[in-house]
Amino acid sequence: MKQIEGCSVVQFYAMFSRASIRAIIRAYSVPESLKRNSSLRFCHLAHNESPLSKPSAFFKSLHNPYTILAHNQLDMFTGARKWLHLRYMSNASIELKADGDTVRFSLNNHRRSDSVTPVNKGTKRRKMSIKAKRNELRFYRLKAKKKMNSPNPLVRITYKLEKAKRKEAWLIEKLRKFEFPKAPPETHDPEILTEEERHYIKRIGEKKKHYVQVGRRGVFGGVVLNMHLHWKRHETVKVVCKPCKPGKIHEYAEELARLSKGIIIDIKPNNTIIFYRGKNYVQPKVMSPPDTIPKEKALEKYKYEQSLEHTGWFIEKLEKELEEYHEHVARYKKGKDLAT
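Residues numbered from 1 in each chain as written. Predicted model: local features only at pLDDT ≥ 70, side-chain atom pairs only at ≥ 80, totals over all residues. Heavy atoms only, no water.

- Within an unreviewed UniProt entry, the label attached to the protein chain reads RNA-binding CRS1 / YhbY (CRM) domain protein, and the organism entered is Melia azedarach.

**Looking at the confidence of the model for the protein chain**
Consideration 1: Averaged over the protein chain, the pLDDT score is 75; the fraction of residues at 70 or greater is 61%.
Consideration 2: In this model residues 1–6 is a low-confidence stretch, pLDDT under 50, and it forms 15 contacts with partners more than four residues away in sequence or in other chains.
Consideration 3: Per-residue pLDDT stays below 50 along residues 12–19; that stretch engages in 14 contacts with residues further than four places along the chain or on separate chains. (pLDDT = per-residue confidence, 0-100. Contact = heavy atoms within 4.5 Å.)

**What to know about the packing of aromatic side chains**
Consideration 1: One pass over the full model with this rule turns up four aromatic pairs.
Consideration 2: Their ring planes at 65 degrees and their centres at 5.4 Å tell us that Phe139 and Tyr140 sit as a pair that is edge-to-face.
Consideration 3: The partly exposed category is assigned to Tyr140, whose relative accessible area is 47%.
Consideration 4: Through a chain of ring-to-ring contacts, the aromatic side chains of Trp170, Phe178 and Tyr304 assemble into a single cluster. (Phe/Tyr/Trp six-rings, centres within 6.5 Å; stacked < 30°, edge-to-face > 60°. Buried < 20%, exposed > 50% of the residue type's maximum accessible area, 1.4 Å probe, protein only.)

**Here we look at unusual backbone geometry**
Consideration 1: Omega for the bond connecting Lys242 with Pro243 falls within 30 degrees of zero, at -5 degrees, which places this linkage in the cis form.
Consideration 2: Positionally, Pro243 belongs in the loop between strand 4 (236–241) and helix 11 (248–260).
Consideration 3: In this model, Lys261 sits at a positive phi of 60 degrees, which is unusual for a non-glycine residue.
Consideration 4: Along the chain, the position of Lys261 falls in the loop between helix 11 and strand 5 (263–268).
Consideration 5: The phi torsion at Asn271 lies on the positive side, around 60 degrees, for a residue other than glycine. (Helix = DSSP H or I, 4+ residues; strand = E, 2+ residues; numbered from the N terminus.)

**Thoughts on the pairing of strand 6 (residues 272–276)**
It is a general feature of regular strands that their side chains alternate between the two faces of the sheet.
Consideration 1: Within strand 6, five of the five residues are buried, which leaves the element mostly enclosed by the surrounding structure.
Consideration 2: Relative to strand 6, strand 4 runs antiparallel, the two sharing five bridges. Paired with Val239 across the bridge in strand 6 is Ile273.
Consideration 3: Where strand 5 meets strand 6, five bridges bridge the pair, whose relative direction is antiparallel. Counted as the bridge partner of Asp266 is Ile274 from strand 6. (Pairing = 2+ DSSP bridges.)

**Quick word on the pattern of salt bridges**
Consideration 1: Summed over the entire model, instances satisfying the criterion amount to nine salt bridges.
Consideration 2: For Glu255, the salt bridge identified is with Arg258, shortest N-O distance 2.8 Å. Residue Glu255 and its partner Arg258 are both found in helix 11; the two are separated by three residues, about one turn of the helix.
Consideration 3: Residues joined in a network through salt bridges with shared partners are Lys202, Glu206, Asp266 and Lys268. (Salt bridge = Lys/Arg side-chain N within 4 Å of Asp/Glu carboxyl O.)

**Some words on the side chain of Asp266**
Consideration 1: Of note, Asp266 is situated in strand 5.
Consideration 2: By relative accessible area, which is 18% here, Asp266 ends up buried.
Consideration 3: For Asp266, the side chain forms a polar contact with the side chain of Lys202, separated by 3.5 Å.
Consideration 4: Within polar-contact distance, the side chain of Asp266 engages the side chain of Lys268 at 3.4 Å.
Consideration 5: Setting aside residues no more than four positions away along its own chain, Asp266 makes contact with Lys202, Thr272, Ile273 and Ile274. (Polar contact = N/O pair within 3.5 Å; in protein donor to acceptor, adjacent residues only side chain to side chain.)

**Remarks on a positive patch on the surface**
Consideration 1: A surface patch of positive charge is lined by Lys143, Lys147, Lys163, Arg166 and Lys167.
Consideration 2: Those elements giving two or more residues to the positive patch turn out to be helix 7 (130–148) and helix 8 (153–175).
Consideration 3: When residues of the positive patch are assigned to their parent elements, the largest contribution, three residues, is made by helix 8.
Consideration 4: With respect to the element layout, Lys163 can be found in helix 8. (Patch = residues over 30% accessible without salt bridge, like charges linked within 9 Å, V, L, I, M, F, W, Y side chains within 5 Å. Areas by Shrake-Rupley, 256 points an atom, 1.4 Å probe, with all protein chains shown as cover. Lys, Arg positive; Asp, Glu negative; His and termini not counted. Charge placed at Lys NZ, Arg CZ, Asp CG, Glu CD.)

**Points about the sheet that holds strand 3 (residues 211–214)**
Consideration 1: Read from one edge of the open sheet, four strands run 3-4-6-5, paired in mixed fashion. At either margin of the open sheet sits one strand with a lone partner, and together these are strand 3 and strand 5. Strand-to-strand twist across the sheet, computed as the mean angle between neighbouring axes with direction ignored, equals 25 degrees.
Consideration 2: Set on the sheet, helix 9 (residues 195–207) makes contact with strand 4, strand 5 and strand 6; between it and strand 5 the angle comes to about 60 degrees. (Axes fitted to C-alpha atoms, helices over the stretch in contact; angles between N-to-C directions.)

Put into structure tokens, the structure is as follows:
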């Protein structure tokens, strides 16, 4: 085996730049203290130069061949630090000890007093790629499909019931956005009409052909605006509610009377309401009340209400099926116990 003292500086540098440290150790008889970890830490020591302020004076005082070789190759190790692994580039202090013919390095894990501890900021959420999102959705879709097609009826009914209840809670949360705080009631002096006046106004309203339509959107600002526009030329106006659920016509009549300050004369069986504007009627400056929703939002609210109604029916149906299933299981267990 060759000895490391026998090679020159140029040969050692050329050999070190082409081969790895493991190859150098195999080619030369390097003691245990100058193997891979010690050499790499010494490179870091040569780069920082923190423990040795004047390495030349320190190495000249030692008469060790390995120490002299390390002193001659300080520049070479400084150039090789670029390809060092990150695990060797730490902030720990390194001590060099020379005992006889051996050179030893010791690593102290004491932090510097002037070192600033890094502040752990909130980790940002890693953005998922489109492919990862599709895979995640596919996973949940397959999981739901497995529950829907499960041979166990209890699993199927429970999954559908949980899904319907989640949808019901989501719809209720959506409908809360359309709830406007009602304006404080204004001082309104309702006019008192006699029976003859009511009969006369009712006959006039039935003969007139103008009307205001209340459709699936229900009562919104545009309905009240049209009523005031009709009252500009006529004393009465008919409000036709189609489609209208049973019992909903009275709710519409009370709401329109509150918003328009009109008087309800009659409610027909064909879902028609006759309103009278009053004797001392004055057209307001703002004919559409501020505590009503616009036409577009009224349609959106109607869709959510329809969905909530059908979801409620579906939940009742599933709860009935679940109850029947439990009764069937109890009956089957009772028959099995009697047979045994």
